[in-house]
Structure formats: C-alpha cells, structure tokens
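So the chains spell out like this:
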Amino acid sequence: MTDFVVPLAIAVIGLVATDLGAVVGARAAKFGAEKNAEAVRRQVQDQGAVEHGHWMRQERLNTYERFLEAWDECLRLSQGSADTDSKSRQSRPSSFPEVDAECSAACSSSARAESA
C-alpha cells in the first residue's frame, strides 16, 4: 500500500502544480491582453489627434489659398481701374484736370439754359 501512496502524492502534487501553472499563465495572458488593448487604444487616440491636426492644417491652407486668390482678383481689378483712371487723366485737357470734356460740355449747356 505504501508503494501506491508515494506515486499518488507525487501525481496529486503534479496536478496541483499544473493547475497553478495554468492559473498563473491565464492571468499573465489576461494581463498581456489588457496591456495590448490599452496600447492599441492609445495608438488610435494618438493617430486620431495626428489626423485631426493634419486635417486642420489642410483646411487652413485651403482657406489661405482662397484668400490669396481673392486678393489677387482684387489687385487685378484695382490695377485695371487704376490703368483706366490714368489713361482718362492723360486724355483730359490741361485746363480742366479734374473734369473731362463731356462733363464740361454738359455743365456749360446747363448753365446757358439756366441763364435764359
């Protein structure tokens, strides 16, 4: 009978050690999985922040490009009106630098009509 007790005790100890090892392994795997999930969650948050920053910079760039296009259009229009003004000033008589010929003719004809 004693021949069976020692191997039985060793088998029970082996079984308990196997179960204990399985529990420790399961807890270690759970801990590793939780750490992995936390790392993945953090990576997704960080990537979202990076993507948002990139999107914001792109929106600012697009807005600035539209502003520059509008500014160029304003400059083009103001240059065109400045060129027109300078050409019309050059064509005016020197005795009437502020008034063109059509305006002075209209003014003189209305003055004659008032005096009559």
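For every chain, the first residue of the written sequence is number 1, and numbering continues from 1 along that sequence. Residues qualify for local features only when their pLDDT is at least 70, as the model is predicted, and side-chain atom pairs are given and counted only at 80 or more; totals for whole chains, interfaces and linings, by contrast, use all residues. Think of the side-chain values as coming from all heavy atoms in the structure, minus any hydrogens and water.

Secondary structure is summarised from DSSP: a helix means a run of H or I of at least four residues, a strand means a run of E of at least two, and numbering begins at the N terminus for each. Counting its secondary structure elements, the protein contains two helices and zero strands. Counting over 116 residues, the protein shows a buried share of 1%. Methods summary: accessible areas were calculated by the Shrake-Rupley approach with a probe of 1.4 Å, and residue burial reflects only the protein chains presented. Summing over all exposed atoms, the protein offers an accessible surface of approximately 10300 Å²; the carbon and sulfur share of this is 63%. Any residue under 20% of the maximum accessible area for its type is buried, any over 50% is exposed, and the rest in between are partly exposed; the area is computed with a 1.4 Å probe on protein chains only.

Moving on to the confidence of the model for the protein. Per-residue confidence from the prediction method is given by pLDDT, with values spanning 0 to 100. Scored by pLDDT, the protein has a mean of 81; 68% of the residues are at 70 or more. Here, two residues are considered to be in contact whenever any of their heavy atoms come within 4.5 Å of each other. Note on residues 96–107: pLDDT is under 50 here. Beyond four places in sequence and across chains, it has six contacts.

Here we take up the pattern of salt bridges. Whenever Lys or Arg places a side-chain nitrogen within 4 Å of a carboxyl oxygen from Asp or Glu, that contact is recorded as a salt bridge. On inspection of all chains with the given rule, the structure shows three salt bridges. For glutamate 38, the salt bridge is made with arginine 41, and the minimal N-O distance between the two is 2.4 Å. Taken together, the positions of glutamate 38 and arginine 41, both in helix H1 (residues 2–91) and three residues apart, correspond to about one turn of that helix. By relative accessible area, glutamate 38 is classed as partly exposed at 41%. Judged by relative accessible area, which is 40%, arginine 41 ranks as partly exposed. The partner of arginine 42 in a salt bridge is aspartate 46, and the shortest N-O contact between them spans 3.4 Å. Taken together, the residues span about one helical turn, with arginine 42 and aspartate 46 both in helix H1 at a distance of four residues. Classification of aspartate 46 as partly exposed rests on a relative accessible area of 38%.

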